[in-house]
Amino acid sequence: MITSKKSLQKMHPYIPPTKNRIGKIKMDFNENAFGCSPKVIGALKKINIDDLSVYPAYSNFIKKLSSYLGVENCQIILTNGGEEAINTIFNTYLEKNDQIIIPTPTFALFKIYADAIGLNVKQINYKKTNKGFIFPLKNVLNAICKKTKLIVIVNPNNPTGTYIEQKNIIKIIKKARQNNSIVLIDEAYWQFCGKTSKELINIYDNIFVIQTFSKAFGLAGLRLGYIISDKYNIKNIAKAISPYSVNNLAVIAASAALDDIEFVNKSIKQVNKNKKILTNELKKLKIKTYCSSANFLIADFGFNCTRVFGQLKNKNILLRNVSAAPILKNCLRITIGTQKQTKILIKELKKILNPQAIIFDMDGVLIDVSQSYHLAIKKTIEYFGKKISFRQIQKYKQMGGTNDDYDLLEKYLFNKGFKIEKTKIIDIFDKLFIKNNLIDNEKLLIGKNLLAKLKQKYKLAIFTGRPKKDVDCTLKKFDLLDLFDFVVSKEDVLGKLKPNPFGLKLAIEKLKTDSCVYIGDNIDDCICGKKAGIETIAVIDKKITNYNDFKSKIENFGVSLIIENINNIKDVLK
Ligand SMILES: *Cc1c(COP(=O)(O)O)cnc(C)c1O
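Residues numbered from 1 in each chain as written. Predicted model: local features only at pLDDT ≥ 70, side-chain atom pairs only at ≥ 80, totals over all residues. Heavy atoms only, no water.

Secondary structure summary: the chain contains 23 helices and 22 strands in total. By its C-alpha atoms, the chain is 90 × 55 × 55 Å across when sized along the principal axes. Among the 574 residues that make up the chain, the fraction classed as buried is 54%. Relative to all contacts within the chain whose residues are 6 or more apart in sequence, the contacts with residues 24 or more apart total 72%. Accessible area of the chain: about 27200 Å², with a carbon and sulfur share of 52%. For the chain, the separation between the mean place of its 93 positive charges and that of its 53 negative charges on side chains is 6 Å. (Helix = DSSP H or I, 4+ residues; strand = E, 2+ residues; numbered from the N terminus. Buried < 20%, exposed > 50% of the residue type's maximum accessible area, 1.4 Å probe, protein only. Contact = heavy atoms within 4.5 Å. Areas by Shrake-Rupley, 256 points an atom, 1.4 Å probe, with all protein chains shown as cover. Lys, Arg positive; Asp, Glu negative; His and termini not counted. Charge placed at Lys NZ, Arg CZ, Asp CG, Glu CD.)

In C-alpha cells, the structure reads:
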C-alpha cells in the first residue's frame, strides 16, 4: 500500500451521499426545494456539439455575472462549486501549520480542507441563547493575532442560520488587516437574507467573498461557484486553480439562470412562507426551533432526536443530524421544503412524537427466556448428542429466520449433519420443557411500574411467536393480564410466522392506529416492523459478541433507535 501525505493520514474524510436521494423529500442538503428555473432546462436542451467538444471560454459569462453582481470583470473568478472556492483560497494563501480561525459549528469542509493542508485550526464556539445562536464576535476578535492567517465567516452560517451584522464583519476585517491576515466570507445563502458584503471588496483588499449557484439558484448538481475579491487577489488565485475547472454546461445553465432572477425571488418568498409554517407547527408540537436567516432551520427534538431522524428516514424524509456539535445536542437541521413537503413532514412528525400504542415482542423484550425456552433448546440438542451454547442460541435468534424455536432446532441439527423429522424435534422439545417445568424459570425484564405507567398513556399490545397458552400462563404468572389490550400469538397468524408482518399488521388493525411503535430484539422483528411500515425500536445488549455487526445489520432494516435495556424506553416514550 502506498501511503498518502501525512496531513491526509490523520484526517476524517467528508462522506457525501452515495445513494440516490431522488424521489425522497430532501431536507438534508439545503438545496432549493423548488428546483431551478425552467429557462435552465431550456438552454441545456439547445446545446450543440461545440459546447461539448471545445474547451470552455468564460469571458461572456463573467461579463454577465459581474454585471448581475455589480462588480468589475476582474474582481471575480469562477470555481467548481463554492467548495473549490474555499479550497483554492486556502491553497493560494496558506501553508502547513498556518493558523486559521473557524467559528464553530459551521460548514464541515472548512475543517476538512484545513486538515488536508495541515493547518493549525482554532475553533471558536458559537453561543446558544433562547432566541438563536450568536456569532462569537468578541472571542473571534480577541483570537486574531500576528499568527492568524485567515478567518472564516459564513454568513448566514450553516447550520446555525445565524446572520452576522456587517458592522461586526468590518471589525473583524480591520483587526485582520492590522495582523496581515485575510477574511473569507462564505455567502452561500446570501439571497435568503438579502444581504451581502461583496461591496466591501472595494474598500478592503484582504477579503474574499464566496457565492454559489448551488442553493438559491437550485443548481447544486452543476457545481458552480465564484470568488469576489480585489483584482490582484483574483490574479493570484488564478495561479492556484485549474484553468478549466468549470465546465461548459455549467456556464450555459448558469447564464440562463441569470436571465430568470424572478425564479430565485419566488423561491425565496416560498421558503420564507414555509419556514413560518414549519416553525409554527413545530411549536404546536412543543419542538423548539431557532431563528434562521437561511433556507433551513434548527429544531431541538430533545430525547426524541434519534428516533425522529431514523423514523423520518424510513418514511423517505431526509433531515440532517447535526447533534454531534455540543451546542446542537439533540438538534436536527431541516431544509425548508415546498408547502406539500412541509405538510407531509408535519404529518409524520405528529405520528412519531405522539404515538398512540406500543406493541411489544415478548421473548427477549418483556421476558427473559434464557433459562426457559433457550434451556429447552440446549437440552433438546443435548438429547440428540450435540451441544449448543446460550451465546450460539442468541446469535441464531438475532440473525433471523429462526424466530420459532422448532425452526432453530431443525436448522442447527441440520447444520450439524442430522436430518431429524420436525415432529420428533417438537415432541422432544415439548416434553423436556414440561418435564423440567422450565416455564417457571422465566424472568420479567420490564419493570411492572413502568408498564403500568405506559398503560396510562398508550394502548399496549403483544405480538409474539409463542403459542397462546404459553403467553397466558406467563402473563398470569407475572400478573400482567390486565395491562395489555390484546395479544397476537402463534395461532393468530395462520402459519405466517415472523418475519412475515401478518401478525404485526393484525395488531395495528386491532389498535385502529398506525401511529405506534413496535419493540423487538432481533432481525425478524425489525423486518416485520419495516414491512408493516411502523416504527421499530430494538433492545440490544451491548455486551453481545457481534454487537457492531448486528447493529449495522438491523440499522439497514430501519430501526429508529437501539436501546440497551427495555426499561430505558421510559426515556423515549414518556
Ligand atoms: C452549500 C455550501 C457551500 C457551497 O456548496 P457548493 O455546492 O460547493 O457551491 C459553501 N458554503 C456553505 C456554508 C454551504 O452550506
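Counted residue by residue, helix α22 (residues 523-532) has eight buried out of ten residues, so it is predominantly covered. Taken together, the buried positions of α22 are Ile523, Asp524, Asp525, Cys526, Ile527, Cys528, Gly529 and Ala532. Packing partners of the buried residues in α22 comprise α16 (390-399), β18 (459-463), α21 (502-511), β20 (516-520), β21 (535-539) and α23 (547-556). The opening residue of α22 is asparagine 522, an N-cap whose side-chain oxygen sits 3.1 Å from the backbone nitrogen of aspartate 524. Downstream of α22 by a residue or two, glycine 533 has a phi angle that is positive, lying close to 75 degrees. (Polar contact = N/O pair within 3.5 Å; in protein donor to acceptor, adjacent residues only side chain to side chain.)

A contiguous patch of positive charge on the surface is contributed by Lys128, Lys283, Lys288 and Lys329. Mapped onto the elements, lysine 128 comes out in strand β5 (residues 127-128). The exposure class assigned to lysine 128 is partly exposed, which follows from its relative accessible area of 39%. (Patch = residues over 30% accessible without salt bridge, like charges linked within 9 Å, V, L, I, M, F, W, Y side chains within 5 Å. Salt bridge = Lys/Arg side-chain N within 4 Å of Asp/Glu carboxyl O.)

A separate point is the packing of aromatic side chains. Describing an aromatic ring pair means giving the distance of the ring centres and the angle of the ring planes. Under the criterion given, the structure shown has 17 aromatic pairs. Taking the centre distance of 6.1 Å and the plane angle of 70 degrees together, the rings of tyrosine 68 and phenylalanine 217 count as edge-to-face. One end of the pair, tyrosine 68, is in helix α4 (residues 59-69); the other, phenylalanine 217, is in the loop between β9 (207-212) and β10 (225-229), and 149 residues separate them in sequence. Tyrosine 68 gets classed as partly exposed once you look at its relative accessible area, which sits at 27%. Taking relative accessible area as the criterion, phenylalanine 217 reaches 2% and is therefore assigned buried. (Phe/Tyr/Trp six-rings, centres within 6.5 Å; stacked < 30°, edge-to-face > 60°.)

A separate point is the sheet that holds strand β11 (residues 288-290). Overall, mixed pairing links the five strands, which are arranged β1-β13-β14-β12-β11 in an open sheet. Since the sheet does not close on itself, it has two edges, and those belong to β1 (25-27) and β11, each with one partner. Pairwise comparison of adjacent strand axes, ignoring direction, gives a mean angle of 30 degrees for this sheet. Two strands pair when backbone bridges link them, and strand β13 (residues 317-321) and strand β14 (residues 331-335) are joined in this way by two bridges, in the antiparallel orientation. Each residue of the ladder has a partner; that of arginine 320, found in β14, is arginine 333. Seen against the sheet, helix α13 (residues 305-314) touches β13 and β14 and runs at an angle of roughly 145 degrees to β13. (Pairing = 2+ DSSP bridges. Axes fitted to C-alpha atoms, helices over the stretch in contact; angles between N-to-C directions.)

Near the ligand lie 13 residues; those nearest to it are Gly82, Asp186, Thr212, Ser214 and Lys215. In this structure, an oxygen atom belonging to the ligand sits 2.7 Å away from a side-chain N or O atom of arginine 223. For the ligand, whose accessible area on its own is 390 Å², the fraction buried by protein is 95%. The element contributing the most residues to the shell around the ligand is helix α5 (residues 81-93), with three residues. (Near = heavy atom within 4 Å.)

What follows covers the pattern of salt bridges. Across all of its chains, the model carries 26 salt bridges by this definition. For lysine 443, the salt bridge is made with aspartate 368, and the minimal N-O distance between the two is 3.8 Å. Remark: aspartate 368 occurs in strand β16 (residues 367-368) and lysine 443 occurs in strand β17 (residues 443-444); sequence separation between them is 75 residues. Lysine 448 serves as the salt-bridge partner of aspartate 479, at 3.7 Å between the closest nitrogen and oxygen. Here aspartate 479 is found in the loop between α20 (468-477) and β19 (486-488), whereas its partner lysine 448 is found in helix α19 (residues 448-457), with 31 residues between them in sequence. One salt-bridge network, in which partners are shared between bridges, spans Asp363, Glu442, Arg466 and Lys477.

A word on the domain arrangement of the chain. Domain annotation for the chain reports domain 1 (32-261), domain 2 (358-364 + 442-572) and domain 3 (372-441). Taking the mean C-alpha position of each, domain 1 and domain 2 sit 51 Å from one another. (Domains from an automatic or database assignment.)

Ordered in space as β19-β18-β15-β20-β21-β22, the six strands form an open sheet in which the pairing is parallel. Two strands bound the open sheet, and with one partner strand each, they are β19 and β22 (561-563). Mean inter-strand twist for the sheet, computed between neighbouring axes without regard to direction, equals 25 degrees. Strand direction decides the pairing type here: strand β15 (residues 357-360) and β18, joined by four bridges, are parallel. Bridged to isoleucine 358 within β18 is leucine 460.

A few words now on the environment of isoleucine 164. Note on placement: isoleucine 164 falls in the loop between β7 (148-154) and α8 (166-178). Judged by its relative accessible area of 1%, isoleucine 164 is buried. Measuring from C-alpha to C-alpha, the distance between isoleucine 164 and threonine 513 comes to 46 Å, with 349 residues separating the pair along the chain. With residues near it in sequence (within four places) discarded, isoleucine 164 still touches Tyr126, Phe135, Ile153, Val154, Asn155 and Ile169.

This next bit is on the state of the cysteines. Across all of its chains, the model carries zero disulfides by this definition. Cysteine cysteine 526 shares no disulfide, and the gap to the nearest cysteine sulfur, in cysteine 528, comes to 9.2 Å. (Disulfide = S-S within 2.5 Å.)

With that settled, consider the nonpolar core. Nonpolar side chains in soluble globular proteins tend to end up buried together. By size, the foremost hydrophobic cluster in this structure holds 88 residues, and its most contacted members are Ile172, Phe213, Phe301 and Ile334. Here this core gets seven residues from one element, more than from any other, and that element is helix α11 (residues 248-258). The contact partners of phenylalanine 213, leaving out residues within four places of it in the chain, are Phe61, Leu65, Gly218, Leu219, Ala220, Leu224, Tyr226, Ala254 and Leu258. Of all hydrophobic cores here, the second largest spans 52 residues; its members include Ile388, Leu408, Ile428 and Ile439. (Core = buried A, V, L, I, M, F, W, Y, C linked by side-chain atoms within 4.5 Å.)

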